[in-house]
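# Structural description and commentary
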Amino acid sequence: MGIIVRYLLMLAAPSFLAVAAALPSQYSDLKLQDYNFSDVITRDVCIVGGGSTGTYAATRLRDLGKSVVVVEHKDRMGGHTQTYTDPQTERTVDFGKQAFHNLDIVKNYFNRFNIPLVTVNATSSGVTSTSVDLRTGKEVVGYVPSDPTAALVGYAAQLATYPYLETGYNLTYPVPEDLLLPFGEFVTKYSLQGVVRLIFENVQGVGDLLNLLTLYVFKLVGSDVIRDLQNWVLDDGTAG
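This section reports on the structure supplied with the text.

Rules behind the numbers
Residues numbered from 1 in each chain as written. Predicted model: local features only at pLDDT ≥ 70, side-chain atom pairs only at ≥ 80, totals over all residues. Heavy atoms only, no water. Helix = DSSP H or I, 4+ residues; strand = E, 2+ residues; numbered from the N terminus. Buried < 20%, exposed > 50% of the residue type's maximum accessible area, 1.4 Å probe, protein only. Contact = heavy atoms within 4.5 Å. Areas by Shrake-Rupley, 256 points an atom, 1.4 Å probe, with all protein chains shown as cover. Salt bridge = Lys/Arg side-chain N within 4 Å of Asp/Glu carboxyl O. Expected span 1.5 Å × (residues − 1). Arc of directions from axis to C-beta. Pairing = 2+ DSSP bridges. Right-handed = clockwise from strand over helix to strand, strands pointing away. Core = buried A, V, L, I, M, F, W, Y, C linked by side-chain atoms within 4.5 Å. Axes fitted to C-alpha atoms, helices over the stretch in contact; angles between N-to-C directions. Parallel < 35°, antiparallel > 145°, perpendicular 65-115°, else oblique. Nonpolar A, V, L, I, M, F, W, Y, C, P; charged D, E, K, R; others polar.

## Some remarks on the overall build of the chain
The helix and strand inventory of the chain stands at eight helices and eight strands. For the chain, with 240 residues in total, the buried portion stands at 27%. Sequence-distant contacts in the chain: of pairs separated by 6 or more residues, those separated by 24 or more amount to 59%. Taken as a whole, the chain presents about 16800 Å² of accessible surface, with 56% of it coming from carbon and sulfur.

## Some details on the pattern of salt bridges
Within this structure, the stated rule accounts for three salt bridges. Linking Arg 112 and Asp 63 is a salt bridge whose minimum nitrogen-to-oxygen distance equals 2.8 Å. Here Asp 63 lies in helix α2 (residues 52–63) and Arg 112 lies in the loop between α3 (104–111) and β7 (132–133), a separation of 49 residues in the sequence. Using a relative accessible area of 45% as the deciding quantity, one classes Arg 112 as partly exposed.

## Some thoughts on the side chain of Thr 59
Considering the arrangement of structural elements, one finds Thr 59 in helix α2. Looking at Thr 59, the relative accessible area reads 14%, which means it is buried. Other than its neighbours up to four places away in sequence, Thr 59 contacts Tyr 109, Arg 112 and Phe 113.

## Observations regarding helix α4 (residues 148–160)
Taking 1.5 Å of rise per residue, the 13 residues of α4 would be expected to cover 18 Å, and the 18 Å separating its terminal C-alpha atoms lies within 8% of that figure. Of the positions making up α4, those classed as buried are Pro 148, Ala 151, Leu 152, Tyr 155, Gln 158 and Leu 159. For α4, the buried positions fall inside an angular range of 125 degrees around the axis, keeping them on one side. Projecting away from the buried face of α4 at angles above 90 degrees are the exposed residues Ala 150, Val 153 and Ala 160.

## Regarding the pairing of strand β4 (residues 68–71)
In terms of strand pairing, strand β3 (residues 45–48) meets β4 through four bridges, oriented parallel. Counterpart to Val 45 in the pairing with β4 is Val 68. At this point the chain moves from β3, through α2, to the parallel β4, and the crossover so formed is right-handed.

## Some remarks on the nonpolar core
Counting 28 residues, the largest nonpolar core has Tyr 155, Phe 183, Val 195, Ile 199, Leu 209 and Phe 218 as the members making the most contacts within it. Elements represented by at least two residues in this core include exactly α4, α5 (183–189), α6 (193–202), α7 (214–220) and α8 (223–236). In this structure, Phe 218 is in contact with Tyr 155, Gln 158, Leu 159, Tyr 162, Leu 165, Leu 179 and Phe 186, ignoring residues within four places of it in sequence.

## As for the packing of α4 against α6
For the pair α4 and α6, interaxial distance at closest approach is 7 Å and the crossing angle is 90 degrees. Taken together, the axes of α4 and α6 are roughly perpendicular relative to one another. Touching Pro 148, Ala 151, Leu 152 and Tyr 155 of α4 are Gly 194, Val 195, Leu 198 and Ile 199, all from α6. Classifying every residue of the contact of α4 with α6 by side-chain character gives seven nonpolar, one polar and no charged.

Spelled out as C-alpha cells, the structure:
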C-alpha cells in the first residue's frame with residue numbers, strides 16, 4: 001500500500017524539486033488525490049534520515065509536544081553506526097561515530113536511552129598516530145607536531161570575534177576578508193600552525209583542510225569543540 005507523508009512544514013521549492021527528482025520513476029506522478037484518506041500520514045514534522053541528528057531532532061520535537069515521522073531506509077536508527085561485512089572473509093567490522101562532545105546535553109540524551117558513555121583521552125584510548133602526506137600517501141618521517149596549547153588559545157580568540165557564527169551563517173556584509181581566506185593562509189597569518197593537526201584529527205572527513213574557507217572551518221570547529229580540545233590538551237598534556 002502506498003503511503004504519502006503530508007508535510008506541514010513549508011518546503012522551499014528547490015528542496016521540494018530535489019526530493020521529487022530523487023524519487024524512482026514509478027512514484028514521480030503521485031498525487032494526493034490518488035490515495036484514500038486512510039493512506040495519508042499527517043504529522044507536524046517529517047524528518048528525513050534517522051541518523052544521529054535526525055534521532056535527536058525527533059526526540060526533542062516529541063519533548064516539545066510535536067508529532068513526528070522519521071523516514072529512514074535502514075532497519076535501525078543511528079546513521080553511521082553500522083556493521084560492515086567483508087564479502088571475501090565474511091568478517092564483520094563495527095564502525096561509526098567516534099566521539100561526542102562532553103556536554104550535559106549529550107550525556108542527558110544518552111542517559112534517557114540507558115546508553116553508557118566512556119570518557120577517553122589520548123593515552124587511554126589506545127590510539128596511535130602516523131603522519132602522512134595525503135598528496136603522496138607517504139609517511140612523513142621525523143615530523144614532530146607543534147604544541148597546540150598556544151595555537152588553540154589564538155584560534156579561540158579569532159573565533160570569538162565572530163560570535164554570530166555560533167547560531168548559523170548570519171554573516172555581516174561585506175563578509176570579513178579573514179573568513180574568506182583559505183584556512184592555510186589564515187593559519188599562516190595568525191601563526192596558528194600548532195592547531196592544524198589537532199583540528200584535522202578531530203574533525204575527520206573534511207577533505208583538504210588547508211584549502212577550505214576559514215568560514216567553514218569556524219563552523220566545523222566552534223567554541224564547544226575548542227573547549228573540549230583545550231580540556232583534552234590540558235588534562236592529558238598531549239594532543240593525539
